[in-house]
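Observations on the three-dimensional arrangement
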Amino acid sequence: MRPSPRQRSAEKERNTTLALPTLTPEQRAEALAKAAEARKARSELLASIKSGQQSIDKVLKKAKEDKTIGKTKVTQLLKAVPGLGAVKVAALLEQAGIPAERRAAGLGERQLEALINALK
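Residues numbered from 1 in each chain as written. Predicted model: local features only at pLDDT ≥ 70, side-chain atom pairs only at ≥ 80, totals over all residues. Heavy atoms only, no water.

In the nomenclature of an unreviewed UniProt entry, the protein chain corresponds to Integration host factor from the organism Amycolatopsis suaedae.

**Observations concerning the overall build of the protein chain**
The number of helices and strands found in the protein chain is 7 helices and 0 strands. Reading the protein chain from its N terminus to its C terminus gives the helix and strand order α-α-α-α-α-α-α. A burial count over the protein chain gives 25% of its 120 residues as buried. Here the analysis covers contacts within the protein chain between residues at least 6 apart in sequence; of these, 57% occur between residues at least 24 apart. (Helix = DSSP H or I, 4+ residues; strand = E, 2+ residues; numbered from the N terminus. Buried < 20%, exposed > 50% of the residue type's maximum accessible area, 1.4 Å probe, protein only. Contact = heavy atoms within 4.5 Å.)

**Looking at a positive patch on the surface**
A contiguous patch of positive charge on the surface is contributed by K34, K67, K71, K73 and R103. Inspection of the secondary structure assignment puts K34 in helix α2 (residues 25-51). On the basis of relative accessibility, which here comes to 63%, the residue K34 falls in the exposed class. (Patch = residues over 30% accessible without salt bridge, like charges linked within 9 Å, V, L, I, M, F, W, Y side chains within 5 Å. Areas by Shrake-Rupley, 256 points an atom, 1.4 Å probe, with all protein chains shown as cover. Salt bridge = Lys/Arg side-chain N within 4 Å of Asp/Glu carboxyl O. Lys, Arg positive; Asp, Glu negative; His and termini not counted. Charge placed at Lys NZ, Arg CZ, Asp CG, Glu CD.)

**Side note on the layout of surface pockets**
There is about 240 Å³ of room inside the largest pocket. The wall of the largest pocket is formed by K34, A35, E37, A38, A41, R42, K67, T68 and K71. For the lining of the largest pocket, the secondary-structure elements that each account for two or more residues are α2 and α4 (67-70). Residue contributions to the lining of the largest pocket peak at 6 residues, all from α2. Of the residues contributing to the lining of the largest pocket, the split by class is 3 nonpolar, 1 polar and 5 charged. (1 Å grid on protein atoms, 1.4 Å probe; cavity = no way out; pocket = protein on both sides within 12 Å on 5 of 7 lines; lining within 4 Å. Points joined across faces, edges and corners; volume = space filled by probe spheres on them. Nonpolar A, V, L, I, M, F, W, Y, C, P; charged D, E, K, R; others polar.)

Set out below in structure tokens:
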């Protein structure tokens, strides 16, 4: 029996692998430094939200321009707000129609407004 087109397509996807580019030691060190810098910036951002130096609505509105905010998951940003834990954050995201794995820069206008209104 011949496999269906869907089965052939799935089989082709499973067999396709992409090789990672080989990095020189300098390139690798540079990439590691860049990643560490990004983690530090994200950590500082979350700490400033937690301490109250920055409000979550202002941070979310800056997500499109600021790379650090934009690449941070909305769930992480919300969990940094005092009084919001995993359960409340999940409920807020569901109420606003936002997937849990969405990053801040990926929020649409309506999602952003719905989330800010839900936080008030």
